[in-house]
Amino acid sequence: MHDNRLIVEGRLERFVQQFLPGALYRERRPLAVEAWNVPGEPVPAPVAFAAGYQPVTLPHSWGDPWGTTWFHVTGRVPEEIPPGTRLELVVDLGFSGPRPGFQAEGLAYLPDGTLIKAVAPRSSHLPWDPARPSIDLYVEAAANPELAGENTYEPTPLGDRATAGSGPLYTARAFDVALLDVGVWELAQDIWTLDGLMRELSPDSARRWEILRALERMLDAVDPAAVSATAAAGRAALAGVLASPAAASSHRIVAVGHAHIDSAWLWPVRETIRKCARTFASAVTLMDEHPEYRFACSSAQQLAWVKQYYPALFERIRKKVAAGQFIPVGGMWVEPDINMPGGESLARQFLYGKQFFLKEFGVDTLEAWVPDTFGYSAALPQIIAASGSRWFLTQKISWNQVNQIPHSTFLWEGIDGTRIFTHFPPADTYISELSGAELAHAARSYKEKGVAGTSLVPFGWGDGGGGPTREMLAAAERLGSLEGSPVVTIDSPQAFFERAEAEYESPPVWSGELYLELHRGTLTSQHLTKQGNRRNEHLLREAELWAATAAVREGAAYPYDELTGSWHTVLLQQFHDVLPGTSIAWVHDEVEQNDARLRESLGRVIDESVRTLVGEGDLELATDGLGIREPAAHPADVSLTEEDAGFVLDNGLVRAVIDRRGHLVSLRDAATGREAIAPGAAGHRLVLHRDIPNEWDAWDIDEHYRRVSRDVDEVESLETGAGEVVVTRRFGDSTIRQTLRLRPGSAALDLACEVDWHERHALLKLVFPLDVHADRFAAETQFGHVYRPTHTNTSWDAARFEVCAHRWIHVGEPGYGVAIANESTYGHDVVRHTRQDGGTTTTVGLSMLRGPMFPDPGSDLGRHTLAYSIRPNAGIREAVAEGYRANVPARAVRGAREVEPLVRVSHPAVMVEAVKLAEDRSGDVIVRLYESEGTRASVRVECVGDARFVDLIERDVEPPAGAEFEPGAVSLTLRPFQLVTLRFTAAGR
């Protein structure tokens, strides 16, 4: 037989593009349309219904950037609805292309306020009951700008309403009542499924040729001039190949309906709330039509918004949850960034998320679900397990630039040894449309072949695109068992994980962090957002500690609602496109406003609680760890002397020499006398790098940034003061004022930087070359630390050129180390080289500021303050102490008495991360602690009342072996980095 494959495929493409779409509707009639432009921010539906509308003629231009227009649509259904047709309404708001979620979106209402579904490019129809002869509905249309375009990521003013301009963005083209030709629509689904499968099969495959010939017969049977009349014959020509079942060895896919909705990104939070309503309304409407449909929703915050702003929709969701169709998953308040939030923040993501799902739906989510976040801390497995969850799913790791994780399904081992059953969907997407290409890619990419055979694929348009569509459900039906394709079953994430665990009894183990080899710039972009997060985390720690102490000791009222509301705001702002600094200006401006309110409210809680504890008096006191006491007296002041080399700061513990360029050229501790700064080098050095990533401006730092840089060593002025040296520099359009300060009794040199930053596509690093032979360094993560190599032996090492550290980083060799702490920096790099004298210089670089242009062209412009400390002759214990000192500085207060700690621990490696009252408002005290040094620690924990062990959700769990209880105390042994939550219940409760 002659090979006419390309000819047949070309014929098919023309038929699908030119003749099939026009035949989908047998009839379309325009409806009467009126419009009302909302002046300002969106309004609730009842306000819109009562507004004054004006008749419009289509095509109709509408929508200032970020504006809202309500369309009122009226008419009547056709008098006759022929067999084989389905009545529906078709809306075209002026979609600029097929990409959903990044342009105009609509939500349709009945006049009584009932939500119908979303209107989006891939789902532009609205169902209508023919029993309602009069058509009367409203469409709330959002003129969201196309900020991303075709992924060009050019700077744009559209991300800030103040600069977005005015003038209509869209032109509405259709509001029609239409008769869908069901036979033609079914034919279109047959063709789409088979064509997609065929193109994934090898030209040498007999199955590919079977499908091609069936499609050729279909093309012969269907008359392009009379598609409706001949569609049945075309379907008959395809029936045989559609009926051929999948092989027993076929890969198995559990398809889970999903709509990944970024809680803020290229739109503000207020628009996310409407995107949730559009998507969830579409989901429950589709469930009414398809009982087999399952939809997973991962964010408690998004459902809380729907409950607040769309209560009727929330009640529909509640019923679908009870029916098993709408499935809460993930257990977190939002899908957060996993690298930068503190340990207590990730604990609260699960606490508040799981509590919401339990309270509202009676569902205990068992899987952590974060498909789209930018790397995964090695502390997460323990936190997942401590929340009572069992499984973890993500997809973003498939974006790695260099190395691929060698597993699809495996056990992920965290820093304390906890292992979590983990799955990476091999389809490598969380917005699948169940295409032949996606499913074939899943089967090819699945890495457990021969020992297991099931993967999960989340399907549905995200970010306001409406979620799964009827076309996707039609594809799933056809792919239930189809030769040449993986077997597809729609089900829940829990069903998938239970099946995957059962078939894979001994999965491989991946130990340590899951580092994303991409988006490294997210550790630095939008410094004010990151600094606000860090400060809020520690203000919340202080507020809860002192409020709980005041409640127990003095009977003060505990501010439950205020603290919970503050946590909700902080957790929302840890979303994986907010805390990483990759959202539009509107989002980050709102974050800064929220942070200011949080600083005020939490500061008030702290001040009131501390005043209640210390009483009225003139005694000079200071907060100190978990108690309040008189500050310790320091034996000596700081001397500042001038020498030829520069200036010497000395407090008897540390001696620092700052040269006349303002660089740190010597740092010695009195105990060892050893020099920390590498010979001939200078620390506290500013290095300005060119920073133009290949794409993803705010997201990425590419390795080539290292090759173009210059030292910022120009000195405008150099001044000295009490125990400090201050240097001011100008570079480009920016200035920086650096203060090097040594305090009495301190073992560390403090460094403060005030920057007026105006550089674009630049990265500013603060660099410390240390005379330390370190083949690895320690970086704090949640509830512990991780070690990373300083060498680049492997491609994995080389790709890890920018990494996350929380409050401190430690570089050491046996017997000696240096700790560098920070109060708002996350991005770090550590490299080493061998000097001519044979010694090793290990250089620590801290990423201070960047200058990306997209999505916020004004990112980071303006004033910033950053603070650091460097401590010579430091071990991990000293590094931990410096991290806490930098982030929870002592507060000076006057009062009548010292305050003993509410909680005491007997081992210095055991850190108390949270002290609070229980969420059930019983008055019980919750104490969260962890082992911080990576060693085994036997510890006695004292508090009030009787101790119980609980999980992060504050539910009782079995105590660890060997725990010993006594009134007001418990003794136990912690394994390295172990996280423990205790609940102390006073007698009689």
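Residues numbered from 1 in each chain as written. Predicted model: local features only at pLDDT ≥ 70, side-chain atom pairs only at ≥ 80, totals over all residues. Heavy atoms only, no water.

Colleague: Help me out: how do you make sense of the overall build of the protein in this one?
Modeller: Helix and strand counts for the protein come out as 18 helices and 52 strands. For 989 residues, the compact-globule formula gives about 30 Å, and the C-alpha radius of gyration of the protein, at 31 Å, lands near that figure. Considering only contacts within the protein whose residues lie at least 6 apart along the sequence, 75% involve residues at least 24 apart. Of the accessible surface of the protein, which amounts to about 35,500 Å², a share of 50% is contributed by carbon and sulfur atoms. Here the protein contributes 96 positive and 134 negative side-chain charges, whose respective centroids are spaced 1 Å apart. (Helix = DSSP H or I, 4+ residues; strand = E, 2+ residues; numbered from the N terminus. Rg over C-alpha atoms; globule rule 2.2 N^0.38 Å. Contact = heavy atoms within 4.5 Å. Areas by Shrake-Rupley, 256 points an atom, 1.4 Å probe, with all protein chains shown as cover. Lys, Arg positive; Asp, Glu negative; His and termini not counted. Charge placed at Lys NZ, Arg CZ, Asp CG, Glu CD.)

Colleague: Before we go on, may I ask you to explain the packing of helix 15 (residues 560-572) against helix 16 (residues 585-614) in this structure?
Modeller: Packed helix pairs are characterised by how far apart their axes lie and by the angle those axes make with each other. One way to put it is that helix 15 packs onto helix 16 with a least axis distance of 11 Å and a crossing angle of 150 degrees. Judged by the angle between their axes, helix 15 and helix 16 are roughly antiparallel. Helix-helix and strand crossings are classified by hand; for helix 15 and helix 16 the assignment is left-handed. Counting all contacts with helix 15, which are made through Glu-562, Leu-563, Ser-566, Thr-569 and Val-570, the residues of helix 16 involved are Asn-594, Leu-598, Ser-601, Leu-602, Arg-604 and Val-605. (Axes fitted to C-alpha atoms, helices over the stretch in contact; angles between N-to-C directions. Parallel < 35°, antiparallel > 145°, perpendicular 65-115°, else oblique. Left-handed = near helix turned anticlockwise from the far one by under 90°.)

Colleague: Which parts of the structure should I look at to understand the sheet that holds strand 3 (residues 54-55)?
Modeller: The strand order 3-2-5-10-7-8 describes an open sheet built from six strands, whose pairing is antiparallel. Edge strands, defined here as strands with exactly one partner in the open sheet, are strand 3 and strand 8 (115-119). In this structure, strand 2 (residues 32-37) lies alongside strand 5 (residues 68-76), joined through six bridges in antiparallel fashion. Of the residues in strand 5, the one forming a bridge with Trp-36 is Trp-70. Set on the sheet, helix 6 (residues 269-289) makes contact with strand 5, strand 7 (105-109), strand 8 and strand 10 (134-142); between it and strand 8 the angle comes to about 110 degrees. (Pairing = 2+ DSSP bridges.)

Colleague: When you look at the pairing of strand 2 in this model, what are you seeing that I'm missing?
Modeller: The two faces of a sheet get side chains in turn, since along a regular strand they alternate between them. The sheet contact formed by strand 2 and strand 3 spans two bridges and is antiparallel. What sits directly across from Glu-34, in strand 3, is Pro-55.

Colleague: Would you mind showing me how to read the pattern of salt bridges here?
Modeller: Charged atoms that come close allow side chains of opposite charge to pair. Under the criterion given, the structure shown has 89 salt bridges. For Arg-252, the salt bridge goes to Glu-503, with nearest N and O atoms at 3.0 Å. Residue Arg-252 is found in strand 13 (residues 252-258), and its partner Glu-503 is found in helix 13 (residues 493-503); the two are separated by 251 residues along the sequence. When its relative accessible area of 32% is taken as the criterion, Arg-252 is described as partly exposed. (Salt bridge = Lys/Arg side-chain N within 4 Å of Asp/Glu carboxyl O. Buried < 20%, exposed > 50% of the residue type's maximum accessible area, 1.4 Å probe, protein only.)

Colleague: Would you mind going over the state of the cysteines with me for this structure?
Modeller: Such a bond, covalent and formed between the sulfur atoms of two cysteines, is termed a disulfide. A full pass over the atoms with the stated rule returns zero disulfides. Looking at Cys-753, it has no disulfide partner, and the nearest cysteine sulfur is the one in Cys-804, 19 Å off. (Disulfide = S-S within 2.5 Å.)

Colleague: Mind showing me how you'd approach the packing of aromatic side chains here?
Modeller: Each aromatic ring pair is summarised here by two numbers: the centre-to-centre distance and the angle between the ring planes. By the definition in use, this model includes 37 aromatic pairs. Taking the centre distance of 5.8 Å and the plane angle of 70 degrees together, the rings of Trp-265 and Trp-267 count as edge-to-face. No difference in accessibility class separates Trp-265 from Trp-267, as the two residues are buried. Put simply, the rings of Phe-102, Trp-265, Trp-267, Trp-399, Trp-696, Trp-699 and Phe-854 pair up and form one aromatic cluster. Above the face of the Phe-102 ring, Arg-99 is positioned so that its terminal group lies 4.2 Å from the ring centre. Of note, Lys-275 hangs over the ring of Trp-267, and the distance from its end group to the ring centre comes to 4.1 Å. (Phe/Tyr/Trp six-rings, centres within 6.5 Å; stacked < 30°, edge-to-face > 60°. Lys NZ or Arg CZ within 6 Å of the ring centre and 35° of its normal.)

Colleague: So what exactly am I meant to see when it comes to the environment of Arg-904 here?
Modeller: Relative to the elements of secondary structure, Arg-904 occurs in strand 45 (residues 904-905). Sequence separation between Arg-904 and Leu-626 is 278 residues, and the spatial gap between their C-alpha atoms is 8.0 Å. Excluding residues that lie within four positions of it along the chain, Arg-904 makes contacts with Arg-940, Val-941 and Glu-942. There is a polar contact of 2.2 Å between the side chain of Arg-904 and the side chain of Glu-900. (Polar contact = N/O pair within 3.5 Å; in protein donor to acceptor, adjacent residues only side chain to side chain.)

Colleague: What's the story with the side chain of Ser-609 in this structure? I'm lost.
Modeller: Relative to the assigned elements, Ser-609 resides in helix 16. Residue classification places Ser-609 among the buried residues on the basis of a relative accessible area of 9%. Leave out the neighbours within four places in its chain, and Ser-609 touches Trp-546, Ala-547 and Ala-550.

Colleague: Any chance you could explain the sheet that holds strand 6 (residues 85-92) here in plain terms?
Modeller: Think of a sheet as strands paired side by side through backbone hydrogen bonds, with each pair either parallel or antiparallel. What the four strands build is an open sheet, ordered 1-12-6-9; its pairing is antiparallel. Strands with a single pairing partner mark the edges of an open sheet, and in this sheet they are strand 1 (25-30) and strand 9 (125-127). On average, adjacent strands in this sheet sit at an angle of 30 degrees to one another, irrespective of strand direction. Where strand 6 and strand 9 come together, three bridges link them in antiparallel fashion. What sits directly across from Glu-88, in strand 9, is Pro-127. Along the sheet face, helix 3 (residues 182-198) touches strand 6 and strand 12 (174-181) and points at about 85 degrees away from the line of strand 12.

Colleague: Explain the environment of Thr-865 to me, please; I cannot follow it from the model alone.
Modeller: The residue Thr-865 is located in strand 43 (residues 862-871) in this model. The class of Thr-865 is partly exposed, set by a relative accessible area of 40%. Contacts of Thr-865, omitting those with residues within four sequence positions, involve His-527, Gln-531, Arg-535, Cys-753, Glu-754, Glu-823 and Ser-824.

Colleague: Would you mind showing me how to read the nonpolar core here?
Modeller: One recurring pattern in soluble globular proteins is that nonpolar side chains are buried together. With 203 residues, the main nonpolar core has Trp-70, Met-218, Phe-280, Leu-303, Leu-313, Ile-317 and Phe-326 as its most contacted residues. Ranked by size, the runner-up nonpolar core spans 48 residues in total, among them Ala-676, Ile-677, Ala-779 and Ile-820. (Core = buried A, V, L, I, M, F, W, Y, C linked by side-chain atoms within 4.5 Å.)

Colleague: Would you explain the packing of helix 14 (residues 527-554) against helix 16 in this entry?
Modeller: It is the contact of helix 14 with helix 16, at a shortest axis distance of 8 Å, that shows an interaxial angle of 25 degrees. In this view, helix 14 runs roughly parallel relative to helix 16, as classed from their interaxial angle. The crossing of helix 14 and helix 16 is left-handed. Taken together, the residues of the contact of helix 14 with helix 16 sort by class into 14 nonpolar, eight polar and six charged. (Nonpolar A, V, L, I, M, F, W, Y, C, P; charged D, E, K, R; others polar.)

Colleague: How should I be thinking about unusual backbone geometry in this particular structure?
Modeller: Glycine aside, negative phi is the norm for most residues, and most peptide bonds take the trans geometry. In the segment running from Leu-58 into Pro-59, the intervening peptide bond is cis, with an omega of 0 degrees. Mapped onto the elements, Pro-59 comes out in the loop between strand 3 and strand 4 (60-62). At the junction of Phe-854 and Pro-855, the peptide bond is cis and its omega measures out at 5 degrees in the coordinates.

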